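# A closer look at the structure
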Amino acid sequence: MCMTSDEVNYLVYRYLQESGFEHSAFVFNLESHINSCNIDGTLVPPGALVTILQKGLQFVQAEVTLSDNGIISTESENLSLLEAVIPDIYGINTKSLNTILNKSDSNDIADDNLSDIKIEQDTDVTMMMDHNDHEKTENSAEGNQEPANGPALIKEEPFEEPVIINKENMRLFPHDKEVYNCAWNPVNDKLATGCADSTIRIWDVTDPTAEPIVIKHTTINAADKKLDISALDWSSNGEMLASSCLNGSAKIFKSNGTLLHAFKIHGGPIFAMKFNCKGQYLVTGGINPSAIVIDVPAGRQFQEYKFSEGNQIGATMDVAWQNHNTFAACGAGSNTTIYVCRLGIDKPIKCFKGHAKEVNVIRWDSTGSYLASGSEDRSARIWSLSSDSCIHTLQGHAGSVDVVRWMPSKHKERKFFLATASQDNTVRLWQVETGECLQTYNRHTSAVFTIAFSPCGRYLASGSVDRCFKIWNVSDGTLINNYQSGGVISEVCWNSSGDRIAASSNDANVVVVQLSK
């Protein structure tokens, strides 16, 4: 048997990442130098660490239930993971079956962990088929909608097909390593993807014969190691693409891949970056407790906002523009404050406090009226500059809320609706004015890390650690399509016309699906 520390560290890193502990995974990555190890992550299946632990637990269970005379006991309880690791403490002796403790009231640690990471065995692609095949599926499924604030129940739901996907309408875009980011150009069907090999690719999806533009996100300091692309963002006119890397470098390119500006900021990894609506300024958040605004035309740093309130905030994890000159920022650590900043003003103009744990994500609605936040405290909150306290606390998730997305505001009759995704394997739809949960989308079997509304607002896409991305009917919560990839889905996004959807995965592929009605 051969086992190296690099292999153990990589499996622990993947477990942290797949379980949603992004901050812990990041720190563990830095300290264990996982990027330097020679392991192809695309070959490692999701849930690998838990699978190995489960097999080891089964071996120990067999060992303690087999007596010296070869008789297998059928009366012993299933071992927990800790009982297998320290059997003497629990009074478990592999030579004596009579001392096995009957722990019927104890918590089964291994089973609890496995409930969070369930491995899909079927790697085939599940598609929307024609009406005849679809009717067969409907005969064997029943729908069930969860109460607004009740526990998440995974129930079979009837399939409907306002969107039909055939194999001929799918296309894979291969990469050399894991793909963590994808973003459509807002004015055409060019797709930017960010890879773990420090490259960015720009694909012309309309031309199947066209080769991608490959951009090497080389570091400003040649001694720096190659690191993952951490963020991608297009300017609103589609003429510029900004990218950031975990080594602290940020770059701005023309849409044809020509480099415009390069920066070395934050003194370390950059986690978030966003253009304002005019494309004149770019705000970034990174490992230090600050947000840095870049003057894009001038190609220089414009302003830095430091959030060092009691030295509690460890990093700036997300940023979001309200309009052309005002943005919000949130961070990791014990400081759960959300800061609202305005260009030209040194200190934040507003500080929102209310979350019990660190804030993972923030988003303004397109009108700038409301700010939504998702937190490790299992809640989402709605804020407004006209109020010092949150307007609504959206509770119901049983896990950390990692993603929040607003329904497109052009649908005036729908007012303000927000979707949230959680590590409890579910997505929820909320009516913001009332705080009511309208739908729960609960067909994923692992944490949901990405969601996106279609431009028309009728459909919602979600991607999960379970290697699936799904398309839902927003109004009735019906699952209308499912695609299973070979790896964890890191991001899903729709093109501007709503007829194509892209999903990036850690199996080194991006899949683009052409939708037809």
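This one's a predicted model, so the numbers in the text were calculated from it and none came from an experiment.

### Section: the overall build of the protein chain
Helix and strand counts for the protein chain come out as six helices and 32 strands. Counting every position in the protein chain, which comprises 517 residues, the buried fraction comes to 53%. Looking at the protein chain as shown, the accessible area adds up to about 23,100 Å², and 49% of this sits on carbon and sulfur atoms.

### Some words on the side chain of Thr316
Following the sequence through the fold, Thr316 ends up in strand S14 (residues 313-321). Of note is the side chain of Thr316, whose polar atom sits 2.8 Å from the backbone oxygen of Ser290. Thr316 has contacts with Phe271, Gly285, Gly286, Asn288, Pro289, Ser290, Ala291, Phe307, Ala329, Cys330 and Gly331, leaving out every residue within four places of it along the chain.

### Observations concerning helix H1 (residues 5-18)
Helical geometry: 3.6 residues make up each α-helical turn, so side chains three or four residues apart lie on a common side. Taking 1.5 Å per residue, 14 residues should reach 20 Å; H1 reaches 20 Å between its end C-alpha atoms and fits that length. Of all the positions in H1, only Tyr10, Tyr13, Arg14, Leu16 and Glu18 are classed as buried.

### Examining the packing of aromatic side chains
Scanning all chains against the criterion turns up twelve aromatic pairs. Geometrically, the ring pair formed by Phe352 and Trp383 is stacked, given 5.0 Å between the ring centres and 25° between the ring planes. Separated by 31 residues along the polypeptide, Phe352 in strand S17 (residues 350-352) and Trp383 in strand S20 (residues 379-383) bring together distant segments of the chain. Like Phe352, the residue Trp383 is buried in the burial classification.

### Observations regarding the pattern of salt bridges
Two side chains with opposite charge may pair up if their charged atoms get near one another. The final tally for this structure, using the stated rule, is five salt bridges. Asp189 is the partner of Arg500 in a salt bridge, and the nearest nitrogen-oxygen pair spans 2.4 Å. Pair noted here: Arg500 is in strand S31 (residues 500-505) and Asp189 is in the loop between strand S2 (179-184) and strand S3 (190-195), with a separation of 311 residues, a long-range link. Overall, the relative accessible area of 14% leaves Arg500 in the buried class. Overall, the relative accessible area of 14% leaves Asp189 in the buried class. Notably, a salt bridge pairs Asp388 with Lys350, separated by 2.6 Å at the nearest N-O pair. Pair noted here: Asp388 is in the loop between S20 and strand S21 (392-395) and Lys350 is in strand S17, with a separation of 38 residues, a long-range link. The exposure class assigned to Asp388 is exposed, which follows from its relative accessible area of 61%. Exposure remark for Lys350: the relative accessible area of 15% places this residue in the buried category. A single network of salt bridges, built from pairs that share partners, joins Lys274, Asp318 and Arg363.

### Here's the deal with the sheet that holds strand S9 (residues 259-264)
In space, the four strands of this open sheet follow the order S6-S7-S8-S9, with antiparallel pairing throughout. The two strands at the open ends of the sheet, each matched to only one other strand, are strand S6 (229-234) and S9. Between one strand axis and the next, the sheet turns by 15° as a mean value, whatever way the strands run. Note that strand S8 (residues 249-254) and S9 share five bridges and pair antiparallel. Along S9, the bridge assignment pairs Lys251 with Ala262.

### With respect to the environment of Val340
Position of Val340 relative to the elements: it lies in strand S16 (residues 338-342). On the accessibility criterion, Val340 (0% relative accessible area) is buried. Residues Val340 and Thr326, 14 residues apart in the sequence, show an inter-C-alpha distance of 7.1 Å. Discounting chain neighbours no more than four positions away, the residues touching Val340 are Thr326, Phe327, Ala328, Pro348, Ile349, Lys350, Phe352, Trp364 and Leu385.

### Quick look at the sheet that holds S31
Whenever strands of a sheet pair, they do so through backbone hydrogen bonds, lying parallel or antiparallel. What the four strands build is an open sheet, ordered S1-S32-S31-S30; its pairing is antiparallel. The open sheet has two edge strands, strand S1 (170-174) and strand S30 (489-494), and neither has a second partner. With direction set aside, neighbouring strand axes in the sheet form an average angle of 20°. With five bridges connecting them, S31 and strand S32 (residues 509-514) associate as antiparallel partners. Bridging across to S32, Ala502 finds its partner in Val512.

### Topic: the environment of Ile471
Mapped onto the secondary structure, Ile471 falls in strand S28 (residues 468-473). Note on Ile471: relative accessible area 0%, which makes it buried. Ile471 sits ten residues away from Asn481 along the chain, and the two C-alpha atoms are 5.1 Å apart.

### Considerations on the confidence of the model for the protein chain
In this model, the protein chain carries a mean pLDDT of 79, and residues with pLDDT of at least 70 account for 72%. In this model, residues 94-164 is a region of pLDDT below 50 whose contacts with residues beyond four sequence positions or in other chains number 152 contacts.

Each value, and the rule that gives it
Residues numbered from 1 in each chain as written. Predicted model: local features only at pLDDT ≥ 70, side-chain atom pairs only at ≥ 80, totals over all residues. Heavy atoms only, no water. Helix = DSSP H or I, 4+ residues; strand = E, 2+ residues; numbered from the N terminus. Buried < 20%, exposed > 50% of the residue type's maximum accessible area, 1.4 Å probe, protein only. Areas by Shrake-Rupley, 256 points an atom, 1.4 Å probe, with all protein chains shown as cover. Polar contact = N/O pair within 3.5 Å; in protein donor to acceptor, adjacent residues only side chain to side chain. Contact = heavy atoms within 4.5 Å. Expected span 1.5 Å × (residues − 1). Phe/Tyr/Trp six-rings, centres within 6.5 Å; stacked < 30°, edge-to-face > 60°. Salt bridge = Lys/Arg side-chain N within 4 Å of Asp/Glu carboxyl O. Pairing = 2+ DSSP bridges. Axes fitted to C-alpha atoms, helices over the stretch in contact; angles between N-to-C directions. pLDDT = per-residue confidence, 0-100.

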